[in-house]
Amino acid sequence: MKILVTGAAGYIGSHTCRLLTDSGHQVYGYDNLSRGHREAFSRATGGRLLIEGDLLDTLQLKEALQQLEIEAVVHFAAFGLVGESVKNPEMYHRNNVEGSASLLHAMHEASVRLLVVSSTTAIYGEPKTMPISENSPAAPINPYGQSKWDVECLLQQACEHNGLGFAALRYFNAAGAAPDGMLGEDHRPETHLIPIVLQVALGQRDRIQIFGDDYPTPDGTCVRDYVHVNDLADAHLKAVNTLTPGESIQVNLGSGIGTSVLEIVKHARHVTGHPIPAEMAGRRCGDPPLLIADNSKAQTVLGWTPKYSSLDSILTSAWRWHQKHPHGYQAT
Ligand code: UDP
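What this report covers is the structure whose coordinates are included nearby. (Residues numbered from 1 in each chain as written. Predicted model: local features only at pLDDT ≥ 70, side-chain atom pairs only at ≥ 80, totals over all residues. Heavy atoms only, no water.)

Structural notes on the site of the ligand
Operational definition: If a single non-hydrogen atom of a residue is within 4 Å of a molecule or strand, that residue counts as near it. Here a polar contact is recorded for every N or O atom pair within 3.5 Å, except that within protein the pair must consist of a potential hydrogen donor and a potential acceptor, and residues adjacent in sequence are included only if both atoms are side-chain atoms. Per-residue and other accessible areas were derived by the Shrake-Rupley procedure at a 1.4 Å probe size, with only the shown protein chains allowed to occlude residues.
Lining the immediate surroundings of the ligand are 15 residues, of which Leu193, Gln209, Arg224, Arg284 and Asp287 lie closest. Here Leu193 contributes a backbone N or O atom positioned 2.8 Å from an oxygen atom of the ligand. In this structure, an oxygen atom belonging to the ligand sits 2.7 Å away from a side-chain N or O atom of Arg284. Here the ligand, which alone exposes 510 Å², has 87% of that area covered by the protein.

Put into structure tokens, the structure is as follows:
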């Protein structure tokens, strides 16, 4: 299939481009490079066409879809930081919601009817039941989660009224790196737990601050469901192959295993051989105590089973990437 990937130079985008390409799809990237890395896309695809453009540029998107005879779109391009979204809700609405509306309009004009879109566990807010199934009500508690829920609602309308076929993949905590160390996580600034822990092991930071040890969890620190980026990429491949015009799919993508912040730090000490000093700090605003996926629907609907998402596989692959690329893609 000819596939346009928005946000193709980002973390999950680049890993997915690599798998789609290796599986025989013709991949084209679309990215404004505000947060992604040209090098990531180039490594992922062996140098296929990357169009530098913004989601809000509907005309450029439409022309790309038409000229490249695109059959399906995989849509990653979005901002994804809860804290930033709380400070700048309008920026999140504009980029994530209006950007997706612009893409949808371009697709409509170009008669492209198949879409896989990144969504998030943040749409559920603080769910009352655990693990979280797709039946949990949407109740986002921050502008990031709200923006992704708005996008899902928009797509549902396009599905019902315009024949769009889409899959909304609701990620839990994406983590890890390509096992060969070619692709990995490179956010600036970095706010995610695992890269920060590994930066301590590399000597780039003095210590990890643990945001809260008084949560109602077994060790008092927040519990998350970490899912390997290669498993997420695999779900996109399976979703592309499952899409049908006029039908929608919503699935959770998580390992189904909860891991606390302290467990991450302890296992990272084991993997890196570094003492990784930790200090307790106050809670971070907006952090739910516990998020664990019920991933049974993804298994049934997509035939997806996580294969790389053990804690050891996540931390070993991430550590390999960070050792090989202590400054991310910058020095390459
Ligand atoms: N966290 C932490 N110290 C850090 C970064 C994150 O204790 O320096 C915690 C954070 O409060 C959350 C968990 O690690 O409970 C995962 O945070 P991350 O930002 O990686 O992902 P999120 O769950 O926010 O999407």
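As for the state of the cysteines
Filter applied, for reference: Cysteine sulfur atoms are paired as a disulfide whenever they come within 2.5 Å of each other. Note on exposure labels: buried denotes an accessible area under 20% of the residue type's maximum, exposed denotes more than 50%, and partly exposed covers the range between, all computed with a 1.4 Å probe on protein chains only.
Here the structure, examined in full by the defined rule, presents zero disulfides. Here Cys222 stays unpaired: no disulfide links it, and the sulfur of Cys285, its closest cysteine neighbor, is 12 Å away. Assessed through its relative accessible area of 4%, Cys222 is described here as buried.

What about the packing of aromatic side chains?
Put simply, the rule reads: Note on aromatic contacts: the rings of Phe and Tyr and the six-membered ring of Trp form a pair at centre separations within 6.5 Å, being stacked when their planes are under 30 degrees apart, edge-to-face when over 60 apart, and tilted otherwise. Counted as over-ring charges are cases with an Arg CZ or a Lys NZ within 6 Å of the ring centre that also lie within 35 degrees of the ring normal.
Using the criterion set out here, one finds three aromatic pairs in the structure. Ring centres of Trp321 and Tyr329 lie 4.9 Å apart, and the angle between their planes is 50°; this geometry places the pair in the tilted category. Residue classification places Trp321 among the buried positions, given a relative accessible area of 1%. Geometry around Tyr28 places Arg48 over its ring, the cationic atom sitting 4.8 Å from the centre. If you follow Arg283 out to its NZ or CZ, it ends over the ring of Tyr215, 4.0 Å from the centre.

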